[in-house]
Amino acid sequence: MTLTVTVADVHRMTPDVKQFRLVADEHTFEYDPGQHTMVHFESDGEEEARPYTAANLPGTNQLILAIKRYDDGTGSVFMHERTPGDEIEVEEVDGNLHVRDFDRDAVFLATGTGITPLYPMVKQYAREGEGDARLVFGERDQEHLIFRESLDQLRAEEATLDVDYVLSDAESEAWNGRTGHVQDHLPDALDGLDVEETDFYVCGVPEMVVETEDLLVEAGADEDRIFTEGWESDAAEE
């Protein structure tokens, strides 16, 4: 079942990411933060659908989607051509990524637009969680860090939340933070935690997700407490 929503406004977040606020008449979206909708569109005469995560918390008639444009990505190109007033078809919000246990410590690991499901999950955990939460978010450079201002504000407000950024291409700018790749900094992210009693949420490019899962298991994490979208292993092998 699809719902018709209207593009209420469009905001450019980074050079290649736009944020879309979609509004549905007389409908309330109920879901767990971290889950995604499917956007339907037509490409070369064929109906297609692509998943995009709701960046806002549930309980309203709106969905906020942060979408990175890929030149060869039919779904992202379609969305980046939308303007306020356009109508599109979306599905109800569902998916595998959502906070499982608010009593356990939680570590969130993201690269690129993999932050889009983890951002609302971190917000929810900061408000409802009973343990400590840590987010490690990797990007190319500071210009491409989406949600940075909101994450910095959340970190300032929540003593139990730690946020670290990792830049893979920081040589050309003034940057005193972490460099390299997210998985390079796992030892610091796990420092002081009871790894066996911690939940892990990982989202990003498939290779990063698969490598991070392996490193977490080697570090003593319970494999059943590592949560991803679930399709990354097959994609990494292609």
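Residues numbered from 1 in each chain as written. Predicted model: local features only at pLDDT ≥ 70, side-chain atom pairs only at ≥ 80, totals over all residues. Heavy atoms only, no water.

In the annotation of an unreviewed UniProt entry, the entry for the protein reads FAD-dependent oxidoreductase, and the organism field reads Halogeometricum salsisoli.

A.B. asks: Before we go on, may I ask you to explain the overall build of the protein in this structure?
C.D. replies: On a plain count of helices and strands, the protein comes out with six helices and 12 strands. Over its C-alpha trace the protein gives a radius of gyration of 18 Å, about what one expects of a compact globule, namely 18 Å for 238 residues. Considering only C-alpha atoms, the protein reaches an extent of 50 × 40 × 40 Å along its principal axes. When the 238 residues of the protein are sorted by exposure, 49% land in the buried category. About 11700 Å² of surface is accessible on the protein, with carbon and sulfur atoms providing 40% of the total. The averaged location of the 58 negative side-chain charges in the protein is 6 Å from the averaged location of its 17 positive side-chain charges. (Helix = DSSP H or I, 4+ residues; strand = E, 2+ residues; numbered from the N terminus. Rg over C-alpha atoms; globule rule 2.2 N^0.38 Å. Buried < 20%, exposed > 50% of the residue type's maximum accessible area, 1.4 Å probe, protein only. Areas by Shrake-Rupley, 256 points an atom, 1.4 Å probe, with all protein chains shown as cover. Lys, Arg positive; Asp, Glu negative; His and termini not counted. Charge placed at Lys NZ, Arg CZ, Asp CG, Glu CD.)

A.B. asks: So what exactly am I meant to see when it comes to the environment of Y31 here?
C.D. replies: Within the element layout of this structure, Y31 appears in the loop between strand 2 (17-23) and strand 3 (36-43). Overall, the relative accessible area of 8% leaves Y31 in the buried class. In the structure, Y31 is positioned 27 residues away from P58 in sequence and 5.9 Å away in space, judged by C-alpha atoms. Among all residues touching Y31, those that are not within four sequence positions of it are A54, N56, L57, P58, L63 and V93. Within the structure, Y31 has its side chain in polar contact with the backbone oxygen of N56 (distance 2.8 Å). A polar contact is formed between the side chain of Y31 and the backbone oxygen of L57, at a distance of 3.4 Å. (Contact = heavy atoms within 4.5 Å. Polar contact = N/O pair within 3.5 Å; in protein donor to acceptor, adjacent residues only side chain to side chain.)

A.B. asks: For this particular structure, what's the right way to read the side chain of R134?
C.D. replies: Tracing the sequence through the fold places R134 in strand 8 (residues 133-139). Buried charge R134 goes without a salt bridge, the closest partner of opposite sign being D132 at 5.5 Å. Among the polar contacts made by the side chain of R134, one reaches the main-chain carbonyl oxygen of D191 at a distance of 2.7 Å. Setting aside anything within four residues of it in sequence, one finds R134 in contact with A106, V107, F108, D162, D188, A189, L190, D191 and L193. (Salt bridge = Lys/Arg side-chain N within 4 Å of Asp/Glu carboxyl O.)

A.B. asks: What exactly am I supposed to notice about the packing of aromatic side chains here?
C.D. replies: In this description, a pair of aromatic rings is defined by centroid distance and the angle of the planes. Following the criterion strictly, the structure yields seven aromatic pairs and no others. Ring centres 5.2 Å apart and planes at 15° place the aromatic pair F108 and Y201 in the stacked group. With a gap of 93 residues between them, F108 in strand 7 (residues 105-111) and Y201 in strand 11 (residues 198-203) connect regions that are remote in the sequence. Under the relative-accessibility criterion, F108 is labelled buried at 0%. Residue classification places Y201 among the buried positions, given a relative accessible area of 0%. Ring geometry for Y119 against F147: centres 4.0 Å apart, planes inclined by 5°, an arrangement best described as stacked. Here F147 lies in the loop between strand 8 and helix 3 (148-157) and Y119 lies in helix 2 (residues 115-128), a separation of 28 residues in the sequence. (Phe/Tyr/Trp six-rings, centres within 6.5 Å; stacked < 30°, edge-to-face > 60°.)

A.B. asks: So what exactly am I meant to see when it comes to the pattern of salt bridges here?
C.D. replies: A side chain of one charge can pair with a side chain of the opposite charge when the charged atoms of the two come close. One pass over the full model with this rule turns up 12 salt bridges. Here R50 and E48 are joined by a salt bridge, their closest N and O atoms 2.7 Å apart. Looking at R50, the relative accessible area reads 29%, which means it is partly exposed. Between R178 and D188 there is a salt bridge; the shortest N-O distance is 2.8 Å. Residue R178 is located in strand 10 (residues 178-179), and its partner D188 is located in helix 4 (residues 186-190); the two are separated by 10 residues in the primary sequence. Each member of the salt-bridge network shares a partner with another, and the members are R104, E197, D199 and R225.

A.B. asks: When you look at the environment of F137 in this model, what are you seeing that I'm missing?
C.D. replies: Residue position: F137 is located in strand 8. As for F137 and V166, which are separated by 29 residues in sequence, their C-alpha atoms are 6.1 Å apart.

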